[in-house]
Every structure is written in structure tokens, then in C-alpha cells.
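Here is how the chains run, residue by residue.
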Number of protein chains: 2
Amino acid sequence: MPGSRDDTLFGRIADGLAQAIRSGALTSGERLPSVRELARRHGVSLSTAVQALRTLEDARLVQARPRSGYFVAPRPRALPRPAESSPPRESLLVERSTLAQFVLAKEADPAVTSFGLAYPGADLFDHTLLRKAVMRAAQRQGASLLHGAPGIGVEPLRRAIARHLLRLGSTVAPEGIVITHGTLEAVTLALRAVTQPGDVVAVESPSYAGLLHILEQLGLRALEIPTCPSEGLSLSALELALRTQPVKALLCVPTLSNPTGACMAQTRRQRLVRLLSTHGVPLVEDVVWNDLTETDAQRRTVHSHDAGGGTLLCGSFTKTLAPGLRLGFVATGRWHARIQGMKLATSGGQTAVMEYALADLLAQRGLEAHYRRLRQRIGARMDETRELIARHFPAGTRVTDPAGGYLLWLELPGQVDTLALLRHSLAEGICFAPGAMFSASDRFDHCLRLAVGANWDTRRRAALARIGALATRMGSG
Amino acid sequence: MPGSRDDTLFGRIADGLAQAIRSGALTSGERLPSVRELARRHGVSLSTAVQALRTLEDARLVQARPRSGYFVAPRPRALPRPAESSPPRESLLVERSTLAQFVLAKEADPAVTSFGLAYPGADLFDHTLLRKAVMRAAQRQGASLLHGAPGIGVEPLRRAIARHLLRLGSTVAPEGIVITHGTLEAVTLALRAVTQPGDVVAVESPSYAGLLHILEQLGLRALEIPTCPSEGLSLSALELALRTQPVKALLCVPTLSNPTGACMAQTRRQRLVRLLSTHGVPLVEDVVWNDLTETDAQRRTVHSHDAGGGTLLCGSFTKTLAPGLRLGFVATGRWHARIQGMKLATSGGQTAVMEYALADLLAQRGLEAHYRRLRQRIGARMDETRELIARHFPAGTRVTDPAGGYLLWLELPGQVDTLALLRHSLAEGICFAPGAMFSASDRFDHCLRLAVGANWDTRRRAALARIGALATRMGSG
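Parameters at a glance
Residues numbered from 1 in each chain as written. Chains lettered and ligands numbered in written order. Predicted model: local features only at pLDDT ≥ 70, side-chain atom pairs only at ≥ 80, totals over all residues. Heavy atoms only, no water. Contact = heavy atoms within 4.5 Å. Buried area = accessible area lost by both parts, 1.4 Å probe. Salt bridge = Lys/Arg side-chain N within 4 Å of Asp/Glu carboxyl O. Polar contact = N/O pair within 3.5 Å; in protein donor to acceptor, adjacent residues only side chain to side chain. Helix = DSSP H or I, 4+ residues; strand = E, 2+ residues; numbered from the N terminus. Nonpolar A, V, L, I, M, F, W, Y, C, P; charged D, E, K, R; others polar. Domains from an automatic or database assignment. Buried < 20%, exposed > 50% of the residue type's maximum accessible area, 1.4 Å probe, protein only. Arc of directions from axis to C-beta. Core = buried A, V, L, I, M, F, W, Y, C linked by side-chain atoms within 4.5 Å. Pairing = 2+ DSSP bridges. Axes fitted to C-alpha atoms, helices over the stretch in contact; angles between N-to-C directions. Parallel < 35°, antiparallel > 145°, perpendicular 65-115°, else oblique. Left-handed = near helix turned anticlockwise from the far one by under 90°. Phe/Tyr/Trp six-rings, centres within 6.5 Å; stacked < 30°, edge-to-face > 60°. Lys NZ or Arg CZ within 6 Å of the ring centre and 35° of its normal.

Draft legend 1. Representation of the interface of chain A and chain B in the model. Each partner contributes residues to the interface: chain A has 46 residues there, and chain B has 45 residues. On the chain A side of the interface with chain B, the three residues burying the most area are A:Leu145, A:Leu146 and A:Arg326, jointly 17% of the side's total. At the boundary of chain A with chain B, the tally comes to zero salt bridges. Scanning the region where chain A abuts chain B turns up ten residue pairs in polar contact (both at pLDDT 80 or more). Top element by residues in the side of chain A that touches chain B is helix 5 (residues 127–140) of chain A. It accounts for seven residues. Residues belonging to the side of chain A that touches chain B are distributed by class as follows: 24 nonpolar, 18 polar and four charged.

If you want it as C-alpha cells, here you go:
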């Protein structure tokens, strides 16, 4: 069980070793301490030590060799990473919907090979489980198909989500959860609860296009905070912003931020909570990616550190469990009445049968095994993508190396304009998300995001190489 | 088939007779012309004449007596009707969400007997059909549960809705339809396509609270147009408004308007189209109630008269077919690209399995029979409610007599404050929708809407009588 003592222990041990490997202190091919040695050194049981090593194995950081022990796995070729961003200091009204809609329309064309949409491919899932859960729900809860009254979600699903949040370290009562139409509605409700049109909202830089779209729709101003592509939000920059600007909320994806994949360390999350609490600024925390990280420590929410109740948790299961279910949630905290009212008045609620189906899915054994398989298959895909980037993209291309998920953020050398690159790519039937989508400013016009979750095949590999070739040609032209 | 020559003929004959009955030209117990006589008089076939009489029978306006022919049915007790409204002449920002959320929260309490929500009761449906359609869709289209990419709706559903709109006289291509999260999202997208925040939108007065809530959310100003509770929008008042104010769109429910149940005559719909076209003002037409009217003529959309393409059609099946499915649509006309883009960027689309299930339902034979049964059972409930109002509400209470649906709009005498009445009622566990919810002004503070679609039983009858008693006490206090 997550949250149990042992679990925390093996997670902490795994984290220490993972850091040693990622930093290069332990190098490829090197032998790890034995199970017995690890257990002794950390004062834990043998099974806890085994769990720690298996966690690293899942994360593709170590390999088990029969009767020899665990060894550091060969690392993918090292690529330079993007540096911390330096967005403008003033808040901006977001005007990116025309671009986002253009890219989305291209994505929708089945003839296009797309790296633009952050959805996992059907080849990563077995839809039998899902289908059976829906059929069972229709069979048992068919009468709910006649229930037209607005609602905040059926109780079994709100309970299942409360249990799910325990895995992320957050304790939330089922009564404190409102079921939504995916994460985007969850974030919209959360932001509406704590802001008025015209208010300033601090965001990461770069920031997920969908979140910026919400700011645009709500007439909110985006204040982009300098963000490190691996460590996340700069806390000192945020502190300065909170001191000098009328920030009304922080909207943030602390685990596997989109597009960079940054994960904030837990100590930084604690500092973040103190900082926001000092300034009385609420946090809207998007946890949609948390199940795709490798360790329990990375998975843990900022919300779990926040005893003051200043955090609204938003998430869904579209990235990890049921892409087509379109169900999300917001843990509403002290804004419950307000958000419940807005949800009832705005959209009337979700389809109850689907809510029952998701509750059923979340209660199934084998969910952990599903997440692990998913992470492993995605991890292999990401390694291959990084190899292709190293081989085909212009020298000097910087790329992130996230601890999970299927998004890569690239910074092209020589200020190659990625909107122009997109036009060239689209002419050859290839789409990606240009950097301009991820900011209200023009700071990322030479960047792009590649989503490699979709079905993986030769055509996609060739298309990736082709984007690289086009970028190389543009850079040298 | 709707639209066929015969169909139009029998509908027209039925309409003429219905008008004669409703106006009192034909009185209760009077014998109608025989089938043969009707056929001769209108120059139609015998079967067309029979269809016309059966239509009137469905509408509870005539009764068949074996071997004697058709007779005008006994009419429910006549009650005075509310007069045309006289809203303020200036446009107003809507600020009603606090009230709407208060009422919605009360509705959600299962201990409360509610006349507030405009949803049909489960006792009006057989959920077996629905359940089977969902199970079939999950079985056959289970793979779609993994399809995470944003979409405007699966093609079979868009095709089924195009066919459905043919029944309402509207010809729309499946490619011109976007599937939405119920009617509210459809109207939201339609209004966003044709307005900017701060713009003026003309609406009926009174107007459905959910529509006003959308205006409030989008920062639009409501210009309420004088409206007759039986004939609908005053066209002369609308014309004046179009001439003198910067109206950017008309938002209207021409068939069974909510809350009054008004139905615009088809000739007035034609005039409306000309008027809007002259001023270049688009119409957002909500057709959610059209299947609950008695005649094809009433069912026909304004859109069907609009050759100029100035109408956006919005609807859903929550009132008539599948209250819990939460699927709606907007026929986007020349705004398709814009609305498609907004839909993809905002909410990512609906659950495909449910879309397949609804497409399946809409293709089933027996749908017409379902609608007819629904209308008959609702009609009986409405008659009984009007009887209870005549018996228990204060003398001088005015009440609408709509040609279908399950909403009644009441005007209490002596300026009884219906918010105060609601407080008294809630103290006894009874809820209704106070008039203030249906306007941005204070013109309807002595009005209320009763929705009598929900499961009908002794408790509900007693609760209705109790509201009347409380109103009587307040009026004489």
C-alpha cells in the first residue's frame, strides 16, 4: 500500500540510487550493491531492498542479470538539455487559440502523422478491461441513463478517486470531489473559483497549451515564471513575482510538467507551499501525469504538503487508464460549494454509467501492473525517440530527459522558426506542436514539443527523422 | 416520413382543427366532421384525414367513440393566462448565478420534492432500450474507449442527428454538426462563434435560466424582448430593438419556449427570418423541446425557413430520449470551422461509446411511438397539474397552457414574492424555480415555473397543493 512505512522506505532508497545513476555517480554497466548489502546499509528488510531495485528496473535504470545481481543499464546517448526559461516580466493576455485550433485541425486529419497530441496510443492498452467495465456498468446501473438531474458525480467514483489520491499522498474526502469533463473542465472550474476576469495567474514557462487556452477563455492574464526544464518552476522567481505583482493563483503541473516533463523535488514542493501560503495565493495543481512517473516520491502531490488547504487538485485518467472516457475531477478544498454550484449550473454533470465504469476500473487489481507496463513501454519509446533526435536533428538541438511520460521538449539551434518548420512538415503530412503554443510570449518560437505516446511504427520513426532533416536544412539555409 | 406531401397535408388539417378547438370555435363534446367529409373538404385521401384525426387524438384534443366518430374532448378547466411581458428597454448584464446555484443545490437534496428541474422522470421511459444500446456500443465499439484525441463526434451520430433534423424540417449535412456536452455547451459554442464579451444578445422574456447563465459566463448583455406566453417573441418589439440597439445575436426557443411553453406560428417564424436577415443578425435556435409538441407544424424549426444560413441550431435528447446521456449538438452553418476549433480546444469531445449508443437509439424503429406515448403521459400530468392549480392556488393566478412539454409558468396575483414563497416552501421540503431565475431584470418576481416531468405520485400532488396554499396565505397576509 502506498503511504505505508515500507513503501516510503523503498521509494526513498530507489530515489537515492536513481539520482546517483542520473548524475553519473554510478555509470553504465556498474554493479549495484547486493540486496543484502542494501538492506543492511539502510536498515530495512530484504523485501524492501528488493522492491527498491525492482523500482529501478521498472524505470529502466538498472538491469537484473541472473545470479549476478543488478547493474546500471546502458544510458541513452546524452543530449544537451534546454536551459531555464526567461519569460517577460509582465503578465500577458493569452492569444493563442487561433494557432491551437490550426494545429488541432491538422491533427484530426487521419492522413497526418502526428506528434502533436499528448494522448497515449491504443497499442499501449488492452481495451478489453475497459469495454467490460462499461458493459458491466450499463448492465448494473442502466437506470442511471434516465437520470437527467445535474450532478457532481456518482459516489462510488468520488470514493475511488479519493482512494486514488491516497496513492499520490493526498487525503481528500469523497464529498470534496467534483467529477468533471476531463482535466480541462476541472482546471476551468478551479480557476473560476479563485479568480475574476482580468486577474493575473502565474504559470510555468513554457506551459501546456490547453491550460493557456483556459486562461484565454476566462480573460485571465498569464504571468510566466522562469522554469527549469528538469527541476520545474523557479521558486525565487515566483517569490519575486508574488511580492511585486497582483498574482491571484498559481497554475502548475509539478509532476511531469507539460511540455518539459519537469518534476519538482519534494523539498521544493514544501517550499512552494510555504511561499504560496505566506502570500495567500491558491495553487491549482494538475496531477494528470503523476501515475506515469517512476517513483512514489515523484508522484506525491504538492497538495499533500499543504496543511493550510490552499490547493485545488485537478486530474483525470485520460493519460494513463482510459483515454476515451473523458472523466476528470477536481478536489475542491474550501471552494467546494462554489465549484459545485458552477458545475451544476454550467454543464449538468457527466454520464453516470461512465462514472460507474471508471469506478469499477479503479477498483480492479492489477492496476499497478498496468501502470508499470505502460511506463516501461513508454520509456522504451522515449529512448528510441531520443536516439532518433540525436541522429537526425541539427547538432546543438537541446532536448529534455523527463522521468516518465511521453513528451519531449526540444530547443533547436540557430533560432530555427518552428512555425515555419511546421509548415514544411505539414506539407509532407507530419504534425507536431510548435513552441509558440506553449507561451503567451514569443520566447519559444524556436522550440517544439514531440508527443510520442501514439501508436509506434516505422512510419512514425521515419516521420521523426524527417522533421529533423527539415530542421537541419532550415538551420543551414 | 416528415416532409412528404401527405405528411404536410395532414399536419395542416390537424393544425386547423386544433386551433378551432383551442379557440373555442369547436366546443367540448361537439362532433367533428367525419373522415369522409374531411377528406372531401380538403381534397385529400381518406388515410390522410384519418392521420389528421389521430394526431388530434394524440394531442388529447379529440376522442374517438366507436362507430360514432370523433368528438372534441372535455377541456381542462380554463385558467387565465399571463399577458405579454414588458421587460426593461436597456440591455442588462446577467447576475443570476448565485440564485440558480442556490436552487440547484436544494434540488440535489433527495429529501426535497422538486418542481424545479426541467427533466423528465424515469417513470416516463423504459431504460431497457437505452441500456441495451449502450451495451451494444461498448461491445462493438469498445476500441473507441482508447481514443483520446479530441473530436467533434463520431460520424454515425452526426448522420443520425442530420436525419433527426429532417423530422424538424431542417436539412443539415452530417459534416455540419458538432456533438456537444448537452444543449448548454451547444449554445455556448454558438454564442461564442457570433459574439464577443460585452456584446448585446436579444432573448425572450422570460428566458430559460440555463441560457441566461451562459450569457453571464460569457460576459454578454441580455436584451429582453417582450414575449407572449403563448405566441412567443414579439416581432415588432424585436424589430425596434434591432433598429435601435447593437444586437449581435438572438437566442431563442421558438418551440415550447422555456419557461412559458410558447410556440411561434410558422408564419411568424418566416417573418422572424426576414427580420434577422435584414439586420444581419444570427439566430441561435434551441430545439431541445421540439419533439414534445403535438404537430409537425409546431415542430418545424425557424432554421428550415432560413435560406440565408443565418441560424445556428442547438439541441439534445435529454428531454425526450435519454436524459442521462448528456449528448447535444450544434448545426454550425457557416461558423463550422470556428466552432469545431473551439470545441476541440475547449473540451476535447464526448465519449465515443455513448455517441455510438445514441446513434443506435436514434436509428431504432418505434421512436415515433415512444415520442407519442411520452406526449400523452406528459399531457395527462399537465392536465392534472392545471386542475390542482385551479383548486389550490390563489384566485387570479395566471398560468400558461402550452402545446406540449412539462413546464408551466405561473403569475401569482397580488405581487406575491416568489422568492419568499420559495423560502416557505423549502422549509417544508418543496422546491420550485422562482421567476427571478428567468430574467436579468426584476419583472418576474411574482412568477414561478413548475416542472412536472418528474415521477408523478401522491407526494408530488400534495406538494403542489401545498405551494398553492402557501401562496394563498402570503397573498392574503
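Draft legend 2. Structural context of the domain arrangement of chain A. Domain annotation for chain A reports domain 1 (5–72), domain 2 (96–124 + 368–476) and domain 3 (128–362). Distance from the C-alpha centre of domain 1 of chain A to the C-alpha centre of domain 2 of chain A: 32 Å.

Draft legend 3. Inspection of helix 9 (residues 235–244) of chain A at higher detail. All names here are of chain A. Those residues of helix 9 not exposed but buried are Leu 235, Ala 237, Leu 238, Ala 241 and Leu 242. Seen from one end, helix 9 has its buried residues packed into an arc of 155°, which puts them on one side. Exposed and oriented more than 90 degrees from the buried face of helix 9 are Ser 236, Arg 243 and Thr 244. The secondary structure elements touched by the buried residues of helix 9 are strand 6 (200–205), strand 7 (221–228), strand 8 (232–233), strand 9 (247–252) and helix 10 (266–279).

Draft legend 4. Seen up close, the nonpolar core. Formed by 245 residues in total, the largest nonpolar core has its most connected members in A:Leu191, A:Leu215, A:Leu450, B:Leu191, B:Leu215 and B:Leu450. The contacts of B:Leu215, once residues within four sequence positions are left out, are B:Val94, B:Leu191, B:Val201, B:Val203, B:Leu220, B:Ala222 and B:Leu251.

Draft legend 5. Broad picture of the pattern of salt bridges. Residues and elements named next belong to chain B. Per the counting criterion, the structure on display carries 28 salt bridges over all chains. Arg 381 is the partner of Asp 123 in a salt bridge, and the nearest nitrogen-oxygen pair spans 3.1 Å. Linking Asp 123 in the loop between strand 4 (113–114) and helix 5 (127–140) with Arg 381 in helix 14 (residues 367–392), this pair joins segments that are 258 residues apart in sequence. The exposure class of Asp 123 is partly exposed, given its relative accessible area of 25%. Using a relative accessible area of 5% as the deciding quantity, one classes Arg 381 as buried.

Draft legend 6. View of the sheet that holds strand 16 (residues 433–434) of chain B. Residue and element names in this part refer to chain B. Taken in spatial order, the four strands line up as 13-14-17-16 in an open sheet, and their pairing is antiparallel. The strands lining the two open edges of the sheet, one partner per strand, are strand 13 (398–399) and strand 16. Of the strand pairs in this sheet, strand 13 and strand 14 (residues 407–411) are connected by two bridges, and their pairing is antiparallel. If you follow Arg 398 over to strand 14, its bridge partner there is Glu 411.

Draft legend 7. Seen up close, the packing of helix 4 (residues 97–107) of chain B against helix 15 (residues 418–427) of chain B. Residue and element names in this part refer to chain B. Direction vectors running N to C along helix 4 and helix 15 enclose 20°, while the axes themselves pass 13 Å from each other. As far as their axial angle goes, helix 15 and helix 4 are roughly parallel. Here helix 4 runs over helix 15; the crossing is left-handed. In this structure, helix 4 contributes Leu 99, Phe 102, Val 103 and Lys 106 to the contact, and helix 15 contributes Leu 419, Leu 422 and Leu 426.

Draft legend 8. Representation of the packing of aromatic side chains. One pass over the structure, following the stated rule, counts eight aromatic pairs over all chains. Here B:Trp409 and B:Phe438 contribute two aromatic rings whose centre-to-centre distance is 5.5 Å and whose plane-to-plane angle is 80°, an arrangement assigned as edge-to-face. Of this pair, B:Trp409 sits in strand 14 while B:Phe438 sits in the loop between strand 16 and strand 17 (447–451); the two residues are 29 residues apart in sequence, bridging distant segments of the chain. Taken together, the ring pairs in this structure connect A:Trp409, A:Phe438 and A:Phe444 into an aromatic cluster. Taking NZ or CZ as reference, B:Arg460 lies 4.2 Å from the ring centre of B:Phe115, over its face.

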